[in-house]
Amino acid sequence: MTKILLAFFVLSAFTLKAQPVMKGGLEKFVTANNIYPRYSLHNCIQGTVIISFKVNKGGEVYDSKVSSGIGTDLDDEALRLIRMSSGKWIVPQDHDTTVSLIAPIKFNLSGYDCDQKNPEEIKRAIIAYKTSEDLANSIQNFYKNKEKGTYRKEEEPRFVALKEELGYNDEYFKERISDGLKKIKQKDKQGACEDFLFVKYMGSDLANEMLEKYCK
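What you see is a predicted model, and the numbers here were worked out from it, not measured in a lab.

(A) Geometry of the side chain of serine 85. Inspection of the secondary structure assignment puts serine 85 in the loop between helix H3 (73-84) and strand S6 (89-90). When sequence neighbours within four positions are dropped, the list of residues in contact with serine 85 reads Met22, Leu26, Phe29, Gly59 and Val61.

(B) Quick peek at the packing of helix H1 (residues 26-33) against H3. As a packed pair, H1 and H3 sit with axes 10 Å apart at the nearest point and diverge in direction by 125°. Comparing the axis directions of H1 and H3 gives the class oblique. The handedness of the crossing between H1 and H3 is right-handed. Together, Phe29, Val30 and Asn33 of H1 and Glu77, Arg80, Leu81 and Met84 of H3 make up the contact between the two elements. Residue composition of the contact of H1 with H3, by class: 4 nonpolar, 1 polar and 2 charged.

(C) Structural view of the nonpolar core. Membership of the largest hydrophobic core comes to 32 residues, with the highest contact counts inside it found for Ile51, Phe53 and Trp89. Breaking this core down by element, the ones donating at least two residues are H1, helix H2 (38-42), strand S4 (47-55), H3, strand S7 (101-110) and helix H4 (119-148). Here this core gets 6 residues from one element, more than from any other, and that element is H3. Core analysis: the second largest hydrophobic core is formed by 18 residues, Leu162, Phe173, Met202 and Met210 among them.

(D) The arrangement of the domain arrangement of the chain in detail. Taken domain by domain, the chain holds domain 1 (21-107) and domain 2 (119-215). The C-alpha centroid of domain 2 is placed 24 Å from the C-alpha centroid of domain 1. In this complex, domain 1 contributes 16 residues to the contact, which on the side of domain 2 involves 12 residues. Between domain 1 and domain 2 the total buried area reaches about 1,300 Å² when both faces are included, carbon and sulfur atoms providing 58% of it.

(E) Focus on the UniProt feature "domain: TonB C-terminal" (unreviewed entry) in the chain. Within this numbering scheme, the UniProt entry marks residues 21-116 as carrying the feature "domain: TonB C-terminal" (unreviewed entry). For the annotated span residues 21-116, helix accounts for 26% and strand for 32% of the residues, and the straight-line distance between the end C-alpha atoms is 39 Å.

(F) Representation of the pattern of salt bridges. Within the structure shown, the criterion is met by 14 salt bridges. Of the charged contacts, one joins glutamate 77 and arginine 80 as a salt bridge, the two residues approaching to 2.8 Å between their closest N and O atoms. With a gap of 3 residues between them, glutamate 77 and arginine 80 both fall in helix H3, about one helical turn apart. Note on accessibility: glutamate 77 and arginine 80 belong to one class, buried. Ionic pairing is found between lysine 117 and glutamate 121, a salt bridge with its closest N-O pair at 3.6 Å. Judged by relative accessible area, glutamate 121 falls into the partly exposed class, the value being 36%. If you follow the salt bridges from partner to partner, you end up with Glu77, Arg80 and Asp188 in one network.

Reading guide: rules and limits
Residues numbered from 1 in each chain as written. Predicted model: local features only at pLDDT ≥ 70, side-chain atom pairs only at ≥ 80, totals over all residues. Heavy atoms only, no water. Helix = DSSP H or I, 4+ residues; strand = E, 2+ residues; numbered from the N terminus. Contact = heavy atoms within 4.5 Å. Axes fitted to C-alpha atoms, helices over the stretch in contact; angles between N-to-C directions. Parallel < 35°, antiparallel > 145°, perpendicular 65-115°, else oblique. Left-handed = near helix turned anticlockwise from the far one by under 90°. Nonpolar A, V, L, I, M, F, W, Y, C, P; charged D, E, K, R; others polar. Core = buried A, V, L, I, M, F, W, Y, C linked by side-chain atoms within 4.5 Å. Buried < 20%, exposed > 50% of the residue type's maximum accessible area, 1.4 Å probe, protein only. Domains from an automatic or database assignment. Buried area = accessible area lost by both parts, 1.4 Å probe. UniProt positions renumbered as here; feature names shortened; annotations may be inferred. Salt bridge = Lys/Arg side-chain N within 4 Å of Asp/Glu carboxyl O.

Here's what the structure looks like:
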(Lines give C-alpha, C1' and ligand atoms only; values in the text may rest on other atoms or scores of the structure.)
Protein backbone atom coordinates (compact mmCIF):
# COMPACT_ATOMS: atom_id res chain seq x y z
CA MET A 1 0.00 0.00 0.00
CA THR A 2 1.31 3.41 -0.91
CA LYS A 3 1.54 5.78 2.01
CA ILE A 4 3.38 8.86 3.19
CA LEU A 5 4.60 8.92 6.76
CA LEU A 6 5.36 12.08 8.70
CA ALA A 7 6.59 12.14 12.29
CA PHE A 8 6.34 15.29 14.35
CA PHE A 9 7.28 16.34 17.87
CA VAL A 10 7.99 19.58 19.68
CA LEU A 11 10.86 20.46 21.99
CA SER A 12 11.48 23.75 23.71
CA ALA A 13 14.16 25.40 25.80
CA PHE A 14 15.16 23.40 28.88
CA THR A 15 12.47 24.20 31.42
CA LEU A 16 10.21 22.48 33.91
CA LYS A 17 7.33 24.80 33.11
CA ALA A 18 4.29 23.58 31.22
CA GLN A 19 4.67 24.11 27.50
CA PRO A 20 2.17 25.14 24.82
CA VAL A 21 0.17 22.26 23.38
CA MET A 22 -1.98 22.12 20.30
CA LYS A 23 -5.70 21.49 20.44
CA GLY A 24 -6.34 17.94 19.25
CA GLY A 25 -2.63 17.14 19.11
CA LEU A 26 0.01 18.53 16.81
CA GLU A 27 1.12 15.19 15.40
CA LYS A 28 -2.45 14.40 14.36
CA PHE A 29 -2.81 17.84 12.77
CA VAL A 30 0.40 17.56 10.76
CA THR A 31 -0.31 14.00 9.63
CA ALA A 32 -3.77 15.02 8.44
CA ASN A 33 -2.65 18.16 6.60
CA ASN A 34 0.73 17.41 5.05
CA ILE A 35 0.97 17.41 1.26
CA TYR A 36 4.23 15.78 0.22
CA PRO A 37 5.93 18.26 -2.15
CA ARG A 38 6.18 17.23 -5.80
CA TYR A 39 9.90 17.61 -6.42
CA SER A 40 10.89 15.64 -3.33
CA LEU A 41 8.19 13.06 -4.00
CA HIS A 42 9.35 12.43 -7.56
CA ASN A 43 13.00 12.25 -6.49
CA CYS A 44 12.54 10.14 -3.34
CA ILE A 45 13.93 12.90 -1.12
CA GLN A 46 13.28 12.28 2.56
CA GLY A 47 14.64 13.57 5.85
CA THR A 48 14.08 15.89 8.78
CA VAL A 49 13.32 19.60 8.63
CA ILE A 50 13.70 21.55 11.87
CA ILE A 51 11.39 24.52 12.33
CA SER A 52 11.74 27.06 15.11
CA PHE A 53 8.77 29.22 16.01
CA LYS A 54 7.12 31.17 18.80
CA VAL A 55 3.53 31.39 19.96
CA ASN A 56 1.86 34.38 21.57
CA LYS A 57 -0.64 34.30 24.42
CA GLY A 58 -3.45 33.85 21.90
CA GLY A 59 -1.87 30.68 20.54
CA GLU A 60 -0.85 32.30 17.27
CA VAL A 61 2.40 31.31 15.59
CA TYR A 62 4.92 34.04 14.82
CA ASP A 63 8.61 34.30 13.97
CA SER A 64 8.60 30.89 12.27
CA LYS A 65 11.58 29.84 10.18
CA VAL A 66 13.55 26.84 8.94
CA SER A 67 16.40 26.28 11.41
CA SER A 68 17.83 23.29 9.60
CA GLY A 69 16.49 22.12 6.28
CA ILE A 70 17.03 19.60 3.52
CA GLY A 71 17.31 22.22 0.81
CA THR A 72 14.24 21.26 -1.21
CA ASP A 73 10.49 21.91 -1.20
CA LEU A 74 10.26 19.79 1.97
CA ASP A 75 11.49 22.87 3.85
CA ASP A 76 8.59 24.92 2.48
CA GLU A 77 6.03 22.28 3.40
CA ALA A 78 7.32 21.95 6.97
CA LEU A 79 7.14 25.72 7.40
CA ARG A 80 3.66 25.84 5.86
CA LEU A 81 2.37 23.24 8.31
CA ILE A 82 3.66 25.13 11.33
CA ARG A 83 2.14 28.38 10.08
CA MET A 84 -1.16 26.58 9.49
CA SER A 85 -1.21 25.61 13.16
CA SER A 86 -1.46 29.28 14.16
CA GLY A 87 -4.34 29.98 16.52
CA LYS A 88 -4.66 26.36 17.52
CA TRP A 89 -2.26 26.42 20.46
CA ILE A 90 -3.18 26.34 24.14
CA VAL A 91 -0.61 28.51 25.90
CA PRO A 92 0.01 28.37 29.70
CA GLN A 93 -0.30 31.71 31.46
CA ASP A 94 3.34 31.65 32.59
CA HIS A 95 4.75 30.72 29.18
CA ASP A 96 7.51 33.04 27.97
CA THR A 97 6.34 33.98 24.46
CA THR A 98 9.86 35.05 23.50
CA VAL A 99 11.13 31.47 23.85
CA SER A 100 11.33 29.48 20.61
CA LEU A 101 9.78 26.07 20.21
CA ILE A 102 11.70 23.60 18.06
CA ALA A 103 9.81 21.23 15.79
CA PRO A 104 11.73 18.48 13.98
CA ILE A 105 9.50 17.18 11.18
CA LYS A 106 10.58 13.90 9.62
CA PHE A 107 9.39 13.19 6.09
CA ASN A 108 9.43 9.52 5.14
CA LEU A 109 8.15 7.94 1.93
CA SER A 110 6.81 4.40 1.90
CA GLY A 111 5.44 2.59 -1.13
CA TYR A 112 7.28 4.56 -3.80
CA ASP A 113 10.13 2.07 -4.32
CA CYS A 114 12.48 4.67 -2.88
CA ASP A 115 14.59 1.92 -1.31
CA GLN A 116 15.63 1.09 -4.87
CA LYS A 117 16.81 4.64 -5.52
CA ASN A 118 20.55 5.23 -5.69
CA PRO A 119 21.57 7.45 -2.71
CA GLU A 120 23.99 9.37 -4.92
CA GLU A 121 21.18 10.10 -7.35
CA ILE A 122 19.10 11.50 -4.49
CA LYS A 123 22.01 13.70 -3.38
CA ARG A 124 22.36 15.04 -6.91
CA ALA A 125 18.63 15.79 -7.00
CA ILE A 126 18.92 17.81 -3.79
CA ILE A 127 21.84 19.78 -5.22
CA ALA A 128 19.96 20.28 -8.49
CA TYR A 129 16.92 21.69 -6.69
CA LYS A 130 18.57 25.03 -5.99
CA THR A 131 19.62 25.44 -9.61
CA SER A 132 16.15 24.39 -10.76
CA GLU A 133 14.56 26.89 -8.37
CA ASP A 134 16.75 29.73 -9.68
CA LEU A 135 15.86 28.86 -13.28
CA ALA A 136 12.16 28.65 -12.40
CA ASN A 137 12.42 32.15 -10.92
CA SER A 138 13.92 33.45 -14.15
CA ILE A 139 11.05 31.90 -16.13
CA GLN A 140 8.47 33.45 -13.80
CA ASN A 141 10.12 36.85 -14.07
CA PHE A 142 9.88 36.61 -17.85
CA TYR A 143 6.14 35.85 -17.78
CA LYS A 144 5.48 38.53 -15.16
CA ASN A 145 7.15 41.02 -17.47
CA LYS A 146 5.14 39.64 -20.39
CA GLU A 147 1.94 40.34 -18.46
CA LYS A 148 3.12 43.92 -17.93
CA GLY A 149 4.07 44.25 -21.60
CA THR A 150 7.73 44.84 -20.76
CA TYR A 151 9.33 41.78 -22.32
CA ARG A 152 11.29 40.80 -25.41
CA LYS A 153 9.15 38.53 -27.56
CA GLU A 154 12.16 36.93 -29.22
CA GLU A 155 13.27 35.53 -25.84
CA GLU A 156 10.14 33.44 -25.26
CA PRO A 157 11.25 30.35 -27.24
CA ARG A 158 14.29 30.11 -24.94
CA PHE A 159 12.08 30.07 -21.86
CA VAL A 160 9.68 27.56 -23.42
CA ALA A 161 12.63 25.24 -24.08
CA LEU A 162 13.89 25.78 -20.53
CA LYS A 163 10.49 24.80 -19.12
CA GLU A 164 10.54 21.59 -21.13
CA GLU A 165 14.07 20.82 -19.97
CA LEU A 166 13.09 21.28 -16.32
CA GLY A 167 9.92 19.22 -16.65
CA TYR A 168 7.48 22.09 -16.14
CA ASN A 169 4.75 20.79 -18.43
CA ASP A 170 0.96 20.51 -18.27
CA GLU A 171 1.15 17.30 -16.26
CA TYR A 172 3.26 19.01 -13.61
CA PHE A 173 1.02 22.10 -13.59
CA LYS A 174 -2.07 19.93 -13.07
CA GLU A 175 -0.35 18.32 -10.08
CA ARG A 176 0.40 21.75 -8.61
CA ILE A 177 -3.21 22.80 -9.13
CA SER A 178 -4.37 19.60 -7.44
CA ASP A 179 -2.12 20.41 -4.47
CA GLY A 180 -3.53 23.92 -4.39
CA LEU A 181 -7.10 22.61 -4.27
CA LYS A 182 -6.15 20.37 -1.35
CA LYS A 183 -4.84 23.44 0.46
CA ILE A 184 -8.12 25.26 -0.24
CA LYS A 185 -9.91 22.42 1.57
CA GLN A 186 -7.47 22.93 4.46
CA LYS A 187 -8.40 26.64 4.45
CA ASP A 188 -4.81 27.47 3.51
CA LYS A 189 -5.67 30.13 0.95
CA GLN A 190 -2.17 31.60 0.92
CA GLY A 191 -0.52 28.27 0.13
CA ALA A 192 -3.13 27.47 -2.52
CA CYS A 193 -2.81 30.80 -4.28
CA GLU A 194 0.98 30.47 -4.29
CA ASP A 195 0.55 27.19 -6.21
CA PHE A 196 -1.92 28.73 -8.66
CA LEU A 197 0.28 31.78 -9.21
CA PHE A 198 3.29 29.54 -9.81
CA VAL A 199 1.40 27.88 -12.66
CA LYS A 200 0.31 31.22 -14.09
CA TYR A 201 3.77 32.74 -14.05
CA MET A 202 5.26 29.67 -15.65
CA GLY A 203 3.34 30.73 -18.74
CA SER A 204 0.32 28.45 -18.36
CA ASP A 205 -3.35 29.44 -18.20
CA LEU A 206 -4.43 26.17 -16.54
CA ALA A 207 -4.81 27.81 -13.11
CA ASN A 208 -6.61 30.95 -14.28
CA GLU A 209 -10.03 29.66 -13.22
CA MET A 210 -8.71 28.84 -9.74
CA LEU A 211 -7.08 32.24 -9.40
CA GLU A 212 -10.34 33.94 -10.37
CA LYS A 213 -12.34 31.82 -7.93
CA TYR A 214 -10.09 31.74 -4.88
CA CYS A 215 -7.43 34.43 -5.09
CA LYS A 216 -9.25 37.70 -5.65
